[in-house]
Each structure stands twice: as C-alpha cells, then as structure tokens.
Amino acid sequence: MITYMDIGRDETDVHGYPCAMKGLTPLESGETRRFRPVVTYGLCACALVVYVCWSLSPSHLPWDTLSREGEYDVCPQPPAWNVTEALDGLSLSFPTVRQSVERHSRAIQFDTSVGDTWPDPDTDDHLWSQRFPSFSRWLTHAFPAMHRATQIKREMVHRHGLLYTWEGSDPSLKPLLLMAHQDVVPVENSTLDQWSYPPFSGHIDLEHQAIWGRGAVDCKQFLIGILSAVETLVQSKFRPKRTILLNFGFDEESGGDQGAAYLSRFLEERYGPDSLALILDEGTPILSPDYPSSYGMPLATVAVTEKGSLNMHMTISSPGGHSSMPPPHTSVGILAKIITMLEEHPFPAAIEEESHAMVRHLQCMRDAPKMPAHLRQALLKLEWAERAMQSNARIHTGLPLLRRWYETFLPQDSRAKRVANARAAVLKALSNEQLASFRTTQAADLFHGGIKVNALPERAEAYVNHRIAPHSSINETIEHYVRLLEPMAHRYRFALTVFGDVVVPVSNNTYAQLVLQDSSFTIDTKPPTPFEGPDAGAFELVSSVIRATYHLDEPRRVLHGSLDPEDAPDSPVYTDSVRVTPTTLSANTDTAWYHNLTRNIMRFGPQSLHPDLTGLLVGRHIHTVNEHTTIDALVKGIEFYTHLIVAMDQSPIERTS
C-alpha cells in the first residue's frame, strides 16, 4: 500500500510550477502511475500462486486422507472395525487352536484332486464320485452344530457343489456370499520324493508351526475357515439379520465349468441379477515382512479385480513327406518362428484408469524399508503429477478467470504429458514380475509336433496362455496376433484363420494353413470393484474388518506340543492395525462366473503377518511341492471370517430398493 504525505499547500515542483495535487509531488505522482500496473499484476500473480498452491495442497484433493503425522497420505485407511461394540455383549465360542488344526489336517487327507477334461457329472459321475461324496459327508461330522441348525439349509448343486443358506431376518439386506472350492490340483507322481511330508498326510509340524499337504492353502484353508466361522456363530447363539450364503465349487482348478458355472446360475435364478451385497472368495494374501514383494512391510492385499484369461490354441497343417527332402520350413519350424515372434513382441505395459488399484498398491508400500529408492522417487513424481491434474479439474469446475491464467502457465497438454512421463518412469522402475500386473502376459506352455524323426510333421500345435491386463480385452489380444502374424503368413506362405475369420486365404502359393482358436474357459476383463469414492462402502467394510483382525503388535498363535485344548491366549487389546491395499489378481478364481450377481467382488486369502518358520514361504509352494500353511494363518482366518459375518450383519450397505 502506498502512503502519500502532505508536503504543504505552497510547494512547487522542480521546475517552479505549483503542484497539481495538494500534498503530492509530481515526482511521486509519476512513479505511482508507472508502478501501478506492475503492482496490480504482481498482486494478481501472487494471488494465483497462492491459489494454485492451495489447490495442490493435500487437504483439498477429493481423495485425500491425512496420515497420523498430518501429511498427505496416498494410502487411505478406514478405522478398524470395533469388534467389542459390534458384538454387543455376545460372547464368541471360537474353536481352540487344537480343534482348528486337527480339522484342517483331516480335510487335507481327502484327495479331492481333479483333472482338466473330466466329463459332466450328470453324464458320467464315476471320477467325481471317487473324490467328493466322502469329503462332503465328513464336513457334516466335523461341523455338527451348523449342520444340525434348522435355520441353515445345505443343498447339492450339480451333484457335488455345496450351497449353504443361513436365512437372515431382514430381507431388505442383500445376502453375503463367502466362497471357496473343494478341489485341489493333482500331485505329480514324479515329485513324491521331493515332499517333506506325504502330500495327503495333513502333517502337523509343531517345530515350524505348520500344516503340510496338497490343499493346505488352496483352498481348504479358506473352506475350513469359513465353516469354522459359521460353526462358531451358531454355537454362540448368533442370529443374522442378513442372509449368509456359503458356496463351495468342485472344479475351480479346471475352470469351474461344472461347479461355479452351475452354482452361479442357481443363485441368479433364485435371487436375481445384482442381488448380492458382497462376494468374497480366495485371493491375494496378507504379506508378511519376509515376502520379497512386501519390501519388508506387512501388508494385507485385497484383489478388487482379476486379469482376463485366454488360452490361444495354434494349429498348423502342412504336407508330409520324407525328412531327406525337407522344405525351407516345416510346420514345426514355422510354429517355432511364430512363438519366437510373440516373445520378441510382448504386450506393452501401461498404467490406465483400470490399473489404479495396482498403483494404489505400490503407493501404499512407498515407505516400506526395502522399497528401492528409484521406485519410491518415481511413485512420488506420479503422485504430484496426478495431484496437479486433480487440481486442474477443480479449477475448471468453478473459477473461469483463474482457469485462463492457470492454463497459460500450466497448459493442459503439459500437465497430461507430465502424468504420462511419470507413469512411464514408474513402469521403468518395476521388475519384470511387477510389470506383469500392468500388461497382458503370454506364456508358451505346450508344444506338440511330428510323430517320427524321419517324417516331415503334417501337423503341429502350440498353446499360449494369456493373462489379460485390466485395461485390455480378449479382442485386443486377438488383434495383437493378427498384426504380428499376417505379415508372416505372406512371408512363409501359410493361410491364416483367426477365430473363424479368414485373414489370409488359401492360394496357389499356400504351403501351410494356420488356425487360431481359444482353448478351454475364456475370461474377459471386468470393471473393478469400487475401492474409493462414494461407492466403496463394501471395500471399506472388508478393509476395516481386516484391520480389526490383524495387528502388527499381536503375537503368533501357536499350537503347543501337548496339544492342550487350553492353549488359547488372553485377549488383550492390540492397536497397531495392518495396512490394507487394493490390488489386481493375476490368476483367476470362481468369481469369474458371478459378475451378474454384484459389483462388489473381492478376493482375499487370510494368511499370517508373521514370517513362515519353515523358511519356504507359503505363497511360493501353492500348486507345487511342499504346499503348507501356518497354524497362525489358519486361526486368524477363522477370526476374520467370523468378524466379517458379524460386521456385514450390522452394516446397512447394499439394501434392496
């Protein structure tokens, strides 16, 4: 602010003329006129800078959350669900550690492995009936309270699918569906001598606090955990308001065509589309600090989406003959070149809106002790670039004048380029294993060709497994093949047919014919479950229950050598809740069949926050030699499922209209 001083009525200027304004010299008047625009624009510029800084501040972002230190937090966490308040005096009769371990051990001893091409059980039930009836009968003895309860109904769907319905008292609350599967992958006979304990022994290892065997994790741990939770609640006289559904397929490991496909249709016919509040199936685990992918930070991961799946079957046919008179390229040779071409041109990695769950996952681990510095820096730059875009959206909404100035100094193209560069830097900083979550992967797994060493192969075939990125689709995967193979077809003289469409027709110059088609169950990508914003109530509830169940300051649950039933510890209050993050599941589950029933589909595998005492890492031995789980994981999983049922019963989310 400029202050003008009164210098007297009779003052004259430097030329002897009277002053034009009383109390103001001409010199001061001239400076004022010259500097007034500078001051005005300066003040406006300062105001713009202040506003831009304010708009970029964490407290004004639409998705902000404050950390305990009061700083911006890119990993917002809901408060832990209040178990004591929710139970409202209800005392839960959890099984002892001994009971839980012995049940799980016995479940593993049932060989429920299935093959990929078993027939429809309605047509030929011979193979299926050797596996599942004895297991389902044992469940009635292992969990007597729930099977005696008149309010819980058990139904068999397509002969061996298990559906339990615990009818709630409030029909306006959409049902909760908890899922697992009864089947396990077969054990390769040639690997039997590599197992520490026989694969169907269910060995209880007190030294390492583990249970060994096929299905110890995938998926009998979760099946036993769910049934134990319901058994606990029935024994505790719990009466649900929300209907609880339990759904156990019997061929998840071979695609779910006979189990989940029928169970999902059965539920849709009974309840209708979009009729369930939440589906929770097996999925991504809790990561203990010893997992390399945790970077030393305990973390609970909940998959809000899973990648698509396509098994590409390529068959090439060509004239046979004697190997002494070979053509430049046999059918095997051409197919080998095609595989090489695919591997030399992988699908590009990209961060798109559909990848936001994986970005959140990485941001949640940004302060992990073993996070590489270059990845942490790339994630920080991505955060700031995206924050600038968020602020720009707000400016566009309400302040036209500032919008014009803002775009002058920070044009839209510049901000978008900054985000693109930041995303590229993150992708560059990721390992090949991490990049798999941001791209469609390809793995040439099977290759057959020829019948004799001195005979030209008349037919060769290969199978390539693709896990399709959330931002892509089956159609884009097929288009990728066409772009690569059409030029090769002309070069190596083969006709090309892709999913019934003739891309390169047969001609007089054609030497071979290549046909591409899908093999077995094909899954396209689906929109992710909402995990932020006003529609994220289901995800936030599941996260709050996880945070109420798993604490970093809670000791490991153990089974003592005496197998004493009084081994349950006291129940002190633990306060250091685990961090929960959304993520993408690279594999597929039975939930692929259930998307018509709800948008809230989550995949979570309750595990242990404590290091695996075997030194083998639980997650690295699923589907292979030495599958095992920890006793702590089993016990905490039962607690989680129990808490989730009670929490969903109290929550008003997903009411019918």
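Nothing here was measured: the structure is a model prediction, and the numbers come from that model.

Calculation rules
Residues numbered from 1 in each chain as written. Predicted model: local features only at pLDDT ≥ 70, side-chain atom pairs only at ≥ 80, totals over all residues. Heavy atoms only, no water. Helix = DSSP H or I, 4+ residues; strand = E, 2+ residues; numbered from the N terminus. Buried < 20%, exposed > 50% of the residue type's maximum accessible area, 1.4 Å probe, protein only. Disulfide = S-S within 2.5 Å. Salt bridge = Lys/Arg side-chain N within 4 Å of Asp/Glu carboxyl O. Expected span 1.5 Å × (residues − 1). Contact = heavy atoms within 4.5 Å. Core = buried A, V, L, I, M, F, W, Y, C linked by side-chain atoms within 4.5 Å.

Colleague: Any chance you could break down the environment of E476 for me, citing the residues and the numbers?
Modeller: As for its placement among the helices and strands, E476 is situated in helix α15 (residues 474-492). For E476, a relative accessible area of 39% gives the class partly exposed. Each C-alpha atom, one on E476 and one on T440, is 9.8 Å from the other, the two residues being 36 residues apart in sequence.

Colleague: Can you tell me about the state of the cysteines, naming the residues and giving the values?
Modeller: Applying the stated criterion across every chain yields a total of 1 disulfide. Between the sulfur atoms of C75 and its disulfide mate C364 the distance is 1.9 Å. Here the S-S torsion is close to 95°, and the disulfide linking C75 with C364 is therefore right-handed. Linking C75 in the loop between α1 (26-56) and α2 (83-87) with C364 in helix α10 (residues 356-364), this pair joins segments that are 289 residues apart in sequence. The two residues C75 and C364 agree in class, both being buried.

Colleague: For the pattern of salt bridges, give the residues involved together with the corresponding values.
Modeller: Across all of its chains, the model carries 21 salt bridges by this definition. The partner of R387 in a salt bridge is E383, with the nearest N and O atoms 3.2 Å apart. Taken together, the residues R387 and E383, both in helix α11 (residues 373-398) and 4 residues apart, mark about one turn of the helix. Summarising the burial analysis for this pair, R387 and E383 share the class buried. Among the salt bridges present, the one from R423 reaches E386, with a minimum N-O distance of 3.7 Å. Here the residue R423 occupies a position in helix α13 (residues 412-429), and E386 occupies one in helix α11, the gap between them amounting to 37 residues. A residue is classified by how much of its surface remains accessible, and E386, at 16% relative accessible area, is buried. Connected via shared salt-bridge partners are E554, R557, K636 and E639.

Colleague: Could you give an account of helix α3 (residues 97-108), naming the residues involved and the relevant values?
Modeller: With 12 residues, α3 should reach 16 Å at 1.5 Å per residue; the first-to-last C-alpha distance of 17 Å fits that figure. Packed against the buried residues of α3 are α5 (133-142), β4 (204-205), β5 (210-212), α7 (220-235), β17 (628-630) and α17 (631-650).

Colleague: A description of the nonpolar core should follow, citing residues and the corresponding values.
Modeller: Counting residues in each nonpolar core, the largest one holds 71 residues, and the members touching the most others are L246 and I546. Ranked by the residues each element gives to this core, the list is headed by α7, at 9 residues. Leave out the neighbours within four places in its chain, and L246 touches M146, L162, L163, Y164, L177, L178, I226, L227 and V230. Judged by nonpolar contacts, the second largest core, of 29 residues, contains L484, L485, Y492 and A512.

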